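Below are the chains, spelled out letter by letter.
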Amino acid sequence: MTSLLCFMLLFNIHYIQSSYLGRLSPDDPYIEIGKDMNLTCVLNNESVLKQYPNKKICFDAKRNFSDKDITVINKTAAMLHVVNMSLSDKGAFNCVLSLDCSNLLNETWVHGQIVAVGLPPDVPSNLTCISYNFDNMTCTWDPGRPTHIHTTYRLYWTIQQTFEYLW
């Protein structure tokens, strides 16, 4: 029974991974506003191109891309170079196969990533903490400018003890 379960799990993992025609990387990147971004699409193998004759690797997102934005690495790989990322660029970026990259009609989806665009967090300022008998602590701070991306703040603290000896 255990070996059958392992086989089924491995089969399902392989089936899920192989259901994509290729891979777009890096995975769900975070890009700083104003910086450039590279996304690389790699098809699983050359047989994908045989399934879709005359189609080439293209990229689909909110922004329109021209041939100068795409570098063909080889038959099964291409890289998208996006200059000066802005908040309006955040969202889905897809690798597709199409007859014409400037007119994405009847494209075949290969793989996609969600791109987050924002700013690195500032160093928090005006940190204030109130402790209630070391049992509960409430802290507030000014996080600085908006980052436009999900930001988690973690507070680490230690107790410093001072001992006084009376003789």
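Just so we're clear, the structure is a prediction, and the values are computed from it rather than from any experiment.

## Some remarks on the sheet that holds strand E2 (residues 30-32)
Phase 1 of the analysis: Reading across the sheet, the 4 strands line up as E2-E8-E7-E4 and stay open at both edges, with mixed pairing between neighbours. Pairing within the sheet leaves two strands with one partner each, and these edge strands are E2 and strand E4 (56-60). Strand-to-strand twist of the sheet, defined as the mean angle between neighbouring strand axes without regard to direction, takes the value 30°.
Phase 2 of the analysis: With 3 bridges connecting them, E2 and strand E8 (residues 108-118) associate as parallel partners. The residue bridging glutamate 32 from the neighbouring strand is glycine 118, located in E8.

## Details of the sheet that holds strand E5 (residues 70-74)
Phase 1 of the analysis: With antiparallel pairing, 4 strands are arranged side by side in an open sheet as E1-E3-E6-E5. With partners counted over all chains shown, the strands left at the sheet margins are strand E1 (22-25) and E5, one partner each. Strand-to-strand twist of the sheet, defined as the mean angle between neighbouring strand axes without regard to direction, takes the value 15°.
Phase 2 of the analysis: Examined bridge by bridge, strand E3 (residues 37-43) and strand E6 (residues 77-82) share 6 bridges and lie antiparallel to one another. Bridging from a neighbouring strand, asparagine 38 pairs with histidine 81 of E6.

## Let's talk about the environment of cysteine 95
Phase 1 of the analysis: Tracing the sequence through the fold places cysteine 95 in strand E7 (residues 91-98).
Phase 2 of the analysis: Judged by its relative accessible area of 0%, cysteine 95 falls in the buried class.
Phase 3 of the analysis: As a C-alpha pair, cysteine 95 and leucine 39 span 56 residues in sequence and 9.1 Å in three-dimensional space.
Phase 4 of the analysis: When neighbours within four sequence positions are excluded, cysteine 95 is seen to be in contact with Leu24, Cys41, Ile57, Cys58, Phe59, Thr108, Trp109, Val110 and His111.

## Remarks on the state of the cysteines
Phase 1 of the analysis: This structure, assessed with the given rule, holds 3 disulfides.
Phase 2 of the analysis: Put simply, cysteine 58 and cysteine 101 are joined by a disulfide, and their sulfur atoms are 1.9 Å apart. What sets the handedness of the cysteine 58 and cysteine 101 disulfide is the S-S torsion sign, and at about -80° it is left-handed. Here cysteine 58, found in strand E4, pairs with cysteine 101, found in the loop between E7 and E8; they are 43 residues apart in sequence, far enough to count as distant. Exposure class is identical for cysteine 58 and cysteine 101. Each is buried.
Phase 3 of the analysis: In this model cysteine 129 forms its disulfide with cysteine 139; the gap between the sulfur atoms is 2.1 Å. Residues cysteine 129 and cysteine 139 are joined by a disulfide whose S-S torsion is about 110°; by sign, that bridge is right-handed.

## Some details on the confidence of the model for the protein chain
Phase 1 of the analysis: For the protein chain, the mean per-residue pLDDT works out to 85, and 85% of the residues sit at or above 70.
Phase 2 of the analysis: Ignoring residues within four places in sequence, the model shows residues 1-18, a span with pLDDT below 50, making 1 contact including any to other chains.

## As for the packing of aromatic side chains
Phase 1 of the analysis: For the coordinates displayed, the defined rule picks out 3 aromatic pairs.
Phase 2 of the analysis: With a centroid separation of 6.2 Å and an interplanar angle of 35°, the aromatic rings of phenylalanine 65 and phenylalanine 93 are classed as tilted. Linking phenylalanine 65 in the loop between E4 and E5 with phenylalanine 93 in strand E7, this pair joins segments that are 28 residues apart in sequence.

Basis of the calculations
- Residues numbered from 1 in each chain as written.
- Predicted model: local features only at pLDDT ≥ 70, side-chain atom pairs only at ≥ 80, totals over all residues.
- Heavy atoms only, no water.
- Pairing = 2+ DSSP bridges.
- Helix = DSSP H or I, 4+ residues; strand = E, 2+ residues; numbered from the N terminus.
- Axes fitted to C-alpha atoms, helices over the stretch in contact; angles between N-to-C directions.
- Buried < 20%, exposed > 50% of the residue type's maximum accessible area, 1.4 Å probe, protein only.
- Contact = heavy atoms within 4.5 Å.
- Disulfide = S-S within 2.5 Å.
- pLDDT = per-residue confidence, 0-100.
- Phe/Tyr/Trp six-rings, centres within 6.5 Å; stacked < 30°, edge-to-face > 60°.

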